[in-house]
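Residues per chain, in single letters:
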Number of protein chains: 2
Amino acid sequence: MGTQKCDLLVHSAAQLCVIPPQEGGPQRGARLGDLGLIEDGAVAIAAGRVVAVGPSREVRPHFDATREIDARGKVVCPGFVDPHTHLVWMGDRAAEFEQRIAGATYMEIMAAGGGIMSTVRATRDASVDELVAAMRPRLDRMLAHGTTTVEVKTGYGLETAAELRQLEAIVALDRIHPVTLVPTFLGAHAVPTEYRDCPAAYVDGVIHEMLPAVADKSRALGLPRLPFCDVFCEDGAFDLAQSRRILEAARALGFPLKIHVDEFATLGGARLAVELGATSADHLVTTPPEDIAALGASQTMAVSLPCTPFGLGYTAYTPARALLEAGAALALATDCNPGTAWNESMSFVIALACRYLRITPAQALVAATLNAAFAIGLGERVGSLAPGYAGDLLLLDVPDYRHLGYRFGVNPVALVVKDGKVVV
Amino acid sequence: MGTQKCDLLVHSAAQLCVIPPQEGGPQRGARLGDLGLIEDGAVAIAAGRVVAVGPSREVRPHFDATREIDARGKVVCPGFVDPHTHLVWMGDRAAEFEQRIAGATYMEIMAAGGGIMSTVRATRDASVDELVAAMRPRLDRMLAHGTTTVEVKTGYGLETAAELRQLEAIVALDRIHPVTLVPTFLGAHAVPTEYRDCPAAYVDGVIHEMLPAVADKSRALGLPRLPFCDVFCEDGAFDLAQSRRILEAARALGFPLKIHVDEFATLGGARLAVELGATSADHLVTTPPEDIAALGASQTMAVSLPCTPFGLGYTAYTPARALLEAGAALALATDCNPGTAWNESMSFVIALACRYLRITPAQALVAATLNAAFAIGLGERVGSLAPGYAGDLLLLDVPDYRHLGYRFGVNPVALVVKDGKVVV
């Protein structure tokens, strides 16, 4: 039997986590956590994609690799996918963090003109170049912590031109940075101060001005598909009826949908996500049993953002076990943002999820890779090391994948490969 | 006015945190959190010690430095001091971590022969060289995360020879590693399995055999003073009377004292610590109001270990604000250990303390430097950048010290100086 050329062969991994899709989709319910674990594992990558994976003794003889990496004593897994971030912002809110320690709640700070609006004021007038420059070190840290694909939302403009600049900055950074950026339009992140007395007019503006402008801009930028459209469905942001209007209009224009639901109040957003066929429903802290059941019976990905309650010093987290018992597919994300959760590390999210969502390290790892990829519509391309998937992988400086949950506070990522190339 | 030679001059820091001692001691009660903040700050180090600190324009003209570091846009603070760790262990307990997620409690796992005893079995027969080799990467990570002085406890031997090897390993690593290691004897960490039916005999052994042997070994190793003697005062470990016997015997031999108290059960250990004049009382989660008052009126440092409840996925933390209101001096530590909290990062401890102890970033920073140094008897030598203190400092890649609490999951340390030398 002859050998085949490949660009990269990673071999001798103590554990190699393939993370196979199930029936071509994400891992769901009790089946979440199938790592497809291979001891002394190897993976071969050619033209940026996985061409073979298996035990080293079976894979190595078949390949003549341009570069080999010995992963002895280390764990190999797919690059992390972070499916919910707000990475395009200027300024910071360290002072507000101190206020919260003194007792102010997130919604109180927001009602007083702080919160999202203070970031909007800092971000609104920034140029595309300034936005790219502000995002870049955050994205570098994400990559150093193993994230190879990240969703990024607009939503600190809240007026058409500023929202479009944020979209343009996301697309521009995607084209020059190793990490893949997936854009989401979040014009409905907050009702800006100038519309405080007439939120309906802002909703009209999102629907009639922003959505068509984002669709036009996306085509002008040459995007292969429209960005996601997302809404912050929450007391003090957009109510259920407003959220429905925006998302229905977006769907009619061909936008795939996401929705922030049940972070603080329970408005019924999870069922709306299911009804509209949203790709994901995100946050899911105060979600009631009937909405958990609806998610479990749907194709909508349940995305948990445990850094947000952690960042706020709260103790209520996503009822992840109930979601899994209902049959839902669960993904994890950082929610990286300047208000509640400035954290770039997905391995920290895994450590947090094991402790406060009470899911196993295997479940958390799948939720941070394959399922996270399905949460942004890329589950057939990234998030797994099955043949045909992108050659995005990590070498973790730990002897067992469970160290991802067991340990915390320190970055376990020793090496990052993106599309078959070593980038960290 | 002439210039003076110095080895290192760090200048132009956006913020320089001096962290001055108060009346020669730690910062206490409502006064905790005095950073002595200098904008555009500089610090000069000669012969390993701080010789001047102040605004750059005042300090720079007076020094002719062998090396200068421009800290523009960064924060400079003293190296972190980690005053409570269990860094000498072999093996790991990732499997036990999974059991806990499934619902087993820490004390249930310990009663079933897991917990501390599983690490004791893995560690007991290790040679000094093996112990040093196991500790070293952990200590390297600590240094990379800004810790320049660390306390390390024995306590995974629980028999004289093994305890002495752990002490020897701590001293050996101190002599070859940039981080300063401060040893603590914790023979009373658990009652080993072979004494399960006669714990009193184990206590007798600690008192009559181990303590004198540790004193002899310390002299033979040339230590400048005896190590601390510590006891785990807790249900399932050592009760109050046993703790008192051991600590009184240790004190009679000249050992300075520490004690683990109120981690799960409330046995009165905090008042015992005060009564015996212990240097610190550590954990302090279930501490009742009268014991908080006793600590507040004492010279005993209150050491909080927030990674332990976090590591266990619990939500009860040290009542830090009540301790401060009572006038106590508060310090923070990682408690780095293989069972409940494998984390090497003090900046993560600060982020956790701001959220769940509800203390400000300034209070947490003092608790992680100056007060932590006082918790291990070194408060007059390290933990501050006041003149005369050791030249141990950090450059943090953040524009404001409050980012230490505000952000999490990522290491903010850009550069580490130990005794005036750049080591990271």
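Residues numbered from 1 in each chain as written. Chains lettered and ligands numbered in written order. Predicted model: local features only at pLDDT ≥ 70, side-chain atom pairs only at ≥ 80, totals over all residues. Heavy atoms only, no water.

**Comments concerning the overall build of chain A**
Piece 1. Across its full length, chain A carries 16 helices and 16 strands.
Piece 2. Its C-alpha atoms give chain A a radius of gyration of 21 Å, near enough to 22 Å, the size a compact globule of 424 residues would have.
Piece 3. Summarising its shape, the C-alpha atoms of chain A cover approximately 75 × 45 × 40 Å along the three principal directions.
Piece 4. Across the 424 residues of chain A, 66% fall into the buried class.
Piece 5. On chain A, roughly 13500 Å² of surface is accessible, and the fraction owed to carbon and sulfur atoms is 52%.
Piece 6. Across chain A, the centroid of the 36 positively charged side chains sits 5 Å from that of the 47 negatively charged ones. (Helix = DSSP H or I, 4+ residues; strand = E, 2+ residues; numbered from the N terminus. Rg over C-alpha atoms; globule rule 2.2 N^0.38 Å. Buried < 20%, exposed > 50% of the residue type's maximum accessible area, 1.4 Å probe, protein only. Areas by Shrake-Rupley, 256 points an atom, 1.4 Å probe, with all protein chains shown as cover. Lys, Arg positive; Asp, Glu negative; His and termini not counted. Charge placed at Lys NZ, Arg CZ, Asp CG, Glu CD.)

**A word on the packing of aromatic side chains**
Both the distance between ring centres and the angle between the ring planes are used here to describe each pair of aromatic rings.
Piece 1. Applying the stated rule across the entire model yields 26 aromatic pairs over all chains.
Piece 2. Taken together, the aromatic side chains of Phe310(A), Tyr317(A), Phe348(A), Tyr356(A), Phe408(A), Phe310(B), Tyr317(B), Phe348(B), Tyr356(B) and Phe408(B) make up a single cluster linked through ring pairs.
Piece 3. Lying over the aromatic face of Phe228(A), Lys258(A) brings its terminal NZ or CZ to 5.0 Å of the ring centre. (Phe/Tyr/Trp six-rings, centres within 6.5 Å; stacked < 30°, edge-to-face > 60°. Lys NZ or Arg CZ within 6 Å of the ring centre and 35° of its normal.)

**Looking at the domain arrangement of chain A**
Residue and element names in this part refer to chain A.
Piece 1. When cut into domains, chain A gives domain 1 (4–78 + 383–422) and domain 2 (80–374).
Piece 2. Centre-to-centre, using C-alpha coordinates, domain 1 lies 29 Å away from domain 2.
Piece 3. Contacts between the two partners involve 36 residues from domain 1, matched on the other side by 36 residues from domain 2.
Piece 4. Here domain 1 and domain 2 share an interface that buries about 2600 Å² over both sides, 68% of which is from carbon and sulfur atoms.
Piece 5. Per-residue buried area on domain 1 facing domain 2 is highest for Arg28, Leu32 and Lys418; these three make up 25% of the total on that side.
Piece 6. Here domain 1 is connected to domain 2 by zero salt bridges.
Piece 7. Across the contact surface, domain 1 and domain 2 share 10 residue pairs in polar contact (both at pLDDT 80 or more).
Piece 8. The element that contributes the greatest number of residues to the side of domain 1 that touches domain 2 is strand 15 (residues 413–418), accounting for four residues.
Piece 9. Counted by class, the side of domain 1 that touches domain 2 contains 21 nonpolar, nine polar and six charged residues. (Domains from an automatic or database assignment. Contact = heavy atoms within 4.5 Å. Buried area = accessible area lost by both parts, 1.4 Å probe. Salt bridge = Lys/Arg side-chain N within 4 Å of Asp/Glu carboxyl O. Polar contact = N/O pair within 3.5 Å; in protein donor to acceptor, adjacent residues only side chain to side chain. Nonpolar A, V, L, I, M, F, W, Y, C, P; charged D, E, K, R; others polar.)

**What about the interface of chain A and chain B?**
Piece 1. Taken together, the contacts link 47 residues of chain A with 47 residues of chain B.
Piece 2. Here chain A meets chain B over a buried area of about 4000 Å², counting both sides, of which 61% is carbon and sulfur.
Piece 3. Taken as a group, Ile101(A), Tyr406(A) and Phe408(A) account for 20% of the area that chain A buries against chain B, more than any other trio of residues on that side.
Piece 4. Across the pair Glu98(A) and Arg402(B) runs a salt bridge whose closest N-O atoms are separated by 3.1 Å.
Piece 5. Elements that contribute at least two residues to the side of chain A that touches chain B include exactly helix 2 (94–101), helix 11 (307–312), helix 13 (346–356) and helix 16 (403–406) of chain A.
Piece 6. No other element matches helix 2 of chain A, which puts six residues into the side of chain A that touches chain B.
Piece 7. Per-class residue counts for the side of chain A that touches chain B are 25 nonpolar, 11 polar and 11 charged.

**Here's the deal with helix 4 (residues 116–123) of chain B**
All names here are of chain B.
Piece 1. Among the residues of helix 4, those classed as buried are Ile116, Met117, Thr119, Val120 and Thr123. Buried residues along helix 4 cover an arc of 155° about the axis, so they all sit on one side.
Piece 2. Buried residues belonging to helix 4 abut helix 3 (106–111), helix 5 (128–144) and helix 6 (160–176). (Arc of directions from axis to C-beta.)

**A short note on the sheet that holds strand 10 (residues 258–261) of chain B**
All names here are of chain B.
Piece 1. Read from one edge to the other, the open sheet built from four strands follows the order 10-11-12-13, with strand pairing classed as parallel. Lying at the two open borders of the sheet, with one neighbouring strand each, are strand 10 and strand 13 (330–332). In this sheet, neighbouring strand axes are inclined to one another by 30° on average, regardless of whether the strands run parallel or antiparallel.
Piece 2. Bridging between strand 12 (residues 301–304) and strand 13 involves three bridges; their strand directions are parallel. (Pairing = 2+ DSSP bridges. Axes fitted to C-alpha atoms, helices over the stretch in contact; angles between N-to-C directions.)

**Some thoughts on the environment of Thr66(B)**
Residue and element names in this part refer to chain B.
Piece 1. Checked against the element boundaries, Thr66 lands in strand 4 (residues 63–70).
Piece 2. With relative accessibility at 68%, the residue Thr66 sits in the exposed group.
Piece 3. Separated by 58 residues in sequence, Thr66 and Leu8 have C-alpha atoms that sit 6.1 Å apart.
Piece 4. Aside from chain neighbours lying at most four places away, what touches Thr66 is Cys6 and Asp7.

**With respect to helix 8 (residues 240–252) of chain A**
Residues and elements named next belong to chain A.
Piece 1. When the terminal C-alpha atoms of helix 8 are compared, their 18 Å separation across 13 residues agrees well with the 18 Å that a helix rising 1.5 Å per residue should span.
Piece 2. The set of residues buried in helix 8 consists of Gln242, Ser243, Ile246, Leu247, Ala249 and Ala250. All buried residues of helix 8 lie within an arc of 160° about the axis, which places them on one face of the element. Exposed side of helix 8, more than 90 degrees from the buried face: Ala241 and Ala252 are the residues found there.
Piece 3. Here the buried face of helix 8 lies against strand 8 (180–188), helix 7 (199–220), strand 9 (228–231), strand 10 (258–261) and helix 9 (269–275).
Piece 4. With a side-chain oxygen positioned 3.1 Å from the backbone nitrogen of Ala241, the residue opening helix 8 is Asp239.
Piece 5. In the segment just after helix 8, Gly254 is the residue with positive phi, at about 100°. (Expected span 1.5 Å × (residues − 1).)

**Some details on the relation of the copies chain A and chain B**
Piece 1. Once chain A is rotated about the relating axis by 180° and shifted along it by 0.0 Å, it coincides with chain B to within an RMSD of 0.0 Å. This pairing of chains is accounted for by a two-fold axis. Among all residues of chain A, the minimum C-alpha distance to the rotation axis is found for Gly409(A), at 2.8 Å.
Piece 2. Mapped onto chain B, 100% of the interface residues of chain A again fall at the interface, so both copies present the same surface. (Least-squares fit on C-alpha atoms with pLDDT ≥ 70 in both.)

**Quick word on the state of the cysteines**
Piece 1. Summed over all chains, the structure comprises zero disulfides over all chains.
Piece 2. Cys77(A) takes part in no disulfide bond, and the closest cysteine sulfur, belonging to Cys17(A), lies 5.9 Å away.
Piece 3. Cysteine Cys198(B) is unpaired, with the sulfur of Cys233(B) as its nearest cysteine sulfur at 20 Å.
Piece 4. For Cys198(B), a relative accessible area of 35% corresponds to the partly exposed category. (Disulfide = S-S within 2.5 Å.)

**Some thoughts on the pattern of salt bridges**
Piece 1. Counted according to the given criterion, the structure contains 40 salt bridges over all chains.
Piece 2. Via salt bridges that share partners, Arg93(A), Glu96(A) and Arg100(A) belong to a single interconnected network.

**Some remarks on the pairing of strand 9 of chain A**
All names here are of chain A.
Piece 1. Every second residue of strand 9 is oriented toward a common face, with Phe228 and Asp230 on one face and Cys229 and Val231 on the other, all of them buried.
Piece 2. Two elements, strand 8 and strand 9, share three bridges in a ladder whose sense is parallel. For Phe185, the partnering residue across the bridge sits in strand 9 and is Cys229.
Piece 3. With helix 7 bridging strand 8 and its parallel neighbour strand 9, the resulting β-α-β unit is right-handed. (Right-handed = clockwise from strand over helix to strand, strands pointing away.)

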